Amino acid sequence: MQPANEAELSEAVRLAVGPLVLRGGGTRGIGRAVGAVLQTSGLTGIELYEPGALTLVARAGTPLAEVEAVLAAERQRLAFEVPDLRGLLGREGASTVGGVVAANASGPRRVQVGACRDALLGVRFVDGTGAVIKNGGRVMKNVTGYDLVKLLAGSNGALGVLSEVSFRVQAQPEAVVTLSAETDAPQGLADLRRALGSPFDVSGAAYMSGKAMLRLEGMAGSVRYRAGQLRALLGGGWQEDAAADWRQVRDVTPFAGRAGAVWRLVVKPSEAGRIAAGLPGEAIFDWGGGLIWLLTQDPALDVRAAVAGAGHATLIRALPGMQGVPVFPPEPPGVAALTAGLRAKFDPRGIFNAGGAA
Amino acid sequence: MQMPIASARVLDRKAEIVARLLTVLPADAVIFDPAETRAYECDALSAYACAPMVAVLPRSTAEVAAVLRICHQEGVPVVPRGSGTSLAGGALPTADCVILGVARMNAVLETDYDNRFIRVQSGRTNLSVTGAVEADGFFYAPDPSSQLACAIAGNVAMNSGGAHCLKYGVTTNNLLGVTLVQMDGTAVEVGGPWMEAGGIDLLGVICGSEGQLGVVTEATLRILPKPEGARPVLVGFDSNEVAGACVSDIIKAGILPVAIEFMDRPCIRATEAFAKAGYPDCEALLIIEVEGSPAEIDEQLARIKAIAMAHNPVEFREAQDEDQAKRIWLGRKSAFGAMGQINDYMCLDGTIPVSSLPYVLRRIGEMSAEFGLDVGNVFHAGDGNMHPLILYNANKPGDLELCEAFGAEILKLCVEVGGCLTGEHGVGIEKRDLMGVQYSAVDLEAQMQVKDVFDPKWLLNPAKVFPLDATAVRRAG
Ligand SMILES: Cc1cc2nc3c(=O)[nH]c(=O)nc-3n(C[C@H](O)[C@H](O)[C@H](O)COP(=O)(O)OP(=O)(O)OC[C@H]3O[C@@H](n4cnc5c(N)ncnc54)[C@H](O)[C@@H]3O)c2cc1C
């Protein structure tokens, strides 16, 4: 099913008799959803873009690339740096903005500007009964009623099908500098945390392939100044690194095309080194250690036990033999009851993305 | 403004309810003498007042849970309260309710600079959160003007903002986790000292739910390293349009000041008479603040100055030192007080797309003439969050109603141009009956369903946020 507008989308949901798999471009959904595919890629178009107000409103099926191009023409961008996981997940196709929101897809700049959910100003969506619901709007500050915008961001299609999203956007910086240092993981991660605890406004803090990386963005003079201050603060082998490629971190490129299970761990940054050291496999650290991508060949590896009390883990890509492993982190009973309650209200027939997103 | 009729069933059982509460709380934490419960009769929307049946002041999550369990069994409505500074009547009691105040829960539970968070009990005041980490070079970013008094509990419930949220975001962008006690006494931990809570974003919907989903007893907050310095400039214009265009050009140029505050002529004149900050007598005034090292500040201000000069300001004043910086902020910070010297006032809080600023200000001016009430406008121009202050005389019969009618028209105008009813103060009772202007019945139903899940009996702060007729059936249980 590929509705062409919101009314058709609502109709498609209302008339559905079995489970639906919600799909934007099919480039980032995870999990084991089964059912008839309901595609939002027919709902396209940027409805409003005001560069002077930093706001953009687009229909959910609008290709991410189109939004990025329109923003770039005004030297603006989506601040949260959307990861492109096609390589990692072995997918093709074009990402849609609705899929980005449903996954709360957020890259390295999260340490500075927050996630997709923090840039999301409003949504329109169709719930499991076919009702069209609006929440939030197109202005930067809005506390009118409950914040269902946050609830929908990152819900992986469990509560509704997005039909429209509005973002706060950001100006592109005039200058970008990356500093890097070849060092071991414990030292590199400690340096990242020190940098994030400094006033020098870091916009990326990652550790990958034996190298710690820090990114600075802004006006030219300011970037130069902060780079100098950080090098003085951290000492050691920190150097400007003109070849640094943050897309490798954002898209988890080193794991693309390689066999193995991929886990995404969100943890207390100071625990990152310890947790990763206890898990056989390869790790890429983003968000100053707050995010770990783990590639492992062991289907029985108990990643969730390793993060217990310090965060949670999502299974991004499974190996054969992992069918019994839940994709999304199991929730403590109180939270699970609330989540189940919300799903039952928004999707009373339980037709959306049972078993995960696609 | 209408409130539900107090339940005779509950009022008749007051003695038994108090006795039960005294089994789980020390005597000094249960207030039921009508002479004392009056202290809780209103919040900062003081036009409306009603003493609660009982007020309780627990000291721990366990005590909060015990109180809620009793109230749940007894079917008693509970109104959570932080410091009572809500401007929307969010903490207004009903005569049959228990006010659950968290003011005694003000401890710092954990500070962690390595992971940049602080965990506090929710009754701690906003400013004292920063106070706890300031000496080590950190701060908590959301800074409502009421920060000396307001509590994190109220900030989380209202998703409060502040002057610096253009750069740092509002409460929801700085909140990592909460301990929430549901109406039936169940305590849940949502989120924690990591960057995302995982699963469906319950934290996102709890923040801003105005005390209707549960009582927040603890919060994990993101703290940030303090910038090296900050400096404001003041720019005066002889037209609102031009001031608005200047704001838009600054933003388009890719500069992100931490604050862009706007004041119009009535407000400038009132504050000058009161605070004597030395502001120019002009149509519109911007205060723009940037942060960083001295050199970084110079770099940004040079850019801002170039943009502002292209709009022919009547004045461009740069603070040369700390003292001048304070004077630039002085008028803005005393704006509410200054308006209060002239008369009683009602402070609105709608948000508009910044592009509609000149039109909205012109319409407010016209309406001011129609209603015969003066208005001053102060607001956060960078994000379009307006605070029109309507002056009225509380002692003059009919004036409050006239003022409310005028306020409602302004808020409708905000929605009409693509904005919203409230940017940071919340709906409470104040905007409750206007919700239909912004949201359809279906939109509101979706929100009320969330409350159905967290508080199926609709006992927590039940008469707020949604139009009373829309919630009647649910409140009746
Ligand atoms: C002079 C002045 C200036 C202000 N400036 C600003 C400003 O710049 N920005 C801004 O955003 N606001 C501002 N406010 C409004 C107000 O200060 C904020 O809404 C504040 O967050 C309220 O906090 P409080 O602790 O006083 O909450 P209260 O007034 O006690 O309660 C507010 C709401 O929170 C709920 N609540 C309280 N405690 C809990 C809890 N433990 N669990 C769940 N719900 C709870 C209440 O039920 C109520 O709905 C201002 C107010 C004044 C008087």
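## Here's the deal with the site of the ligand
Residues and elements named next belong to chain B.
Next, step 1: The full set close to the ligand counts 33 residues, and Pro80, Gly82, Thr85, Ser146 and Ser160 are the nearest of them.
Next, step 2: One nitrogen or oxygen atom from the main chain of Gly82 is found 2.7 Å from an oxygen atom belonging to the ligand.
Next, step 3: Look at the ligand: alone it shows 980 Å² of surface, and the protein chains cover 93% of it.
Next, step 4: Those elements that place two or more of their residues in the shell around the ligand are strand S3 (78–81), helix H6 (152–158) and strand S10 (215–222).
Next, step 5: When residues of the shell around the ligand are assigned to their parent elements, the largest contribution, five residues, is made by H6.
Next, step 6: Within the shell around the ligand, the residues separate by chemical class into 13 nonpolar, 17 polar and three charged.
Next, step 7: Both domains that furnish three or more residues to the shell around the ligand are identified here as domain 1 (8–103) and domain 2 (108–225).

## Digging into the packing of aromatic side chains
Next, step 1: Overall, the coordinates contain 11 aromatic pairs over all chains when judged by the stated rule.
Next, step 2: Consider the rings of B:Phe336 and B:Tyr345, whose centres lie 6.0 Å apart with planes at 75°: the pair is edge-to-face.
Next, step 3: Taking the relative accessible area as the measure of exposure, B:Phe336 reaches 24% and is therefore partly exposed.
Next, step 4: Of the residues examined, B:Tyr345 reaches a relative accessible area of 28% and is grouped as partly exposed.
Next, step 5: Relative to B:Phe406, the ring of B:Phe371 has its centre 4.9 Å away and its plane inclined at 10°; by these criteria the two rings are stacked. Here B:Phe406 lies in helix H15 (residues 399–416) and B:Phe371 lies in helix H14 (residues 357–371), a separation of 35 residues in the sequence.
Next, step 6: Of note, A:Arg110 hangs over the ring of A:Trp287, and the distance from its end group to the ring centre comes to 4.8 Å.
Next, step 7: The ring of B:Trp458 carries B:Lys451 above its face, with NZ or CZ at 5.1 Å from the centroid.

## Details of the packing of helix H13 (residues 333–346) of chain A against helix H17 (residues 441–454) of chain B
Next, step 1: Put simply, H13(A) and H17(B) touch, their axes get as near as 9 Å, and they point 145° apart. You can see that H13(A) and H17(B) cross each other, and the crossing is right-handed. Between H13(A) and H17(B), the residues in contact are A:Leu338, A:Gly341, A:Leu342, A:Lys345 and A:Phe346 and B:Ala446, B:Gln449, B:Val450, B:Asp452, B:Val453 and B:Phe454, respectively.
Next, step 2: Of the residues belonging to the contact of H13(A) with H17(B), the class tally is seven nonpolar, two polar and two charged.

Criteria and cut-off values
Residues numbered from 1 in each chain as written. Chains lettered and ligands numbered in written order. Predicted model: local features only at pLDDT ≥ 70, side-chain atom pairs only at ≥ 80, totals over all residues. Heavy atoms only, no water. Near = heavy atom within 4 Å. Polar contact = N/O pair within 3.5 Å; in protein donor to acceptor, adjacent residues only side chain to side chain. Areas by Shrake-Rupley, 256 points an atom, 1.4 Å probe, with all protein chains shown as cover. Helix = DSSP H or I, 4+ residues; strand = E, 2+ residues; numbered from the N terminus. Nonpolar A, V, L, I, M, F, W, Y, C, P; charged D, E, K, R; others polar. Domains from an automatic or database assignment. Phe/Tyr/Trp six-rings, centres within 6.5 Å; stacked < 30°, edge-to-face > 60°. Buried < 20%, exposed > 50% of the residue type's maximum accessible area, 1.4 Å probe, protein only. Lys NZ or Arg CZ within 6 Å of the ring centre and 35° of its normal. Axes fitted to C-alpha atoms, helices over the stretch in contact; angles between N-to-C directions. Left-handed = near helix turned anticlockwise from the far one by under 90°. Contact = heavy atoms within 4.5 Å.

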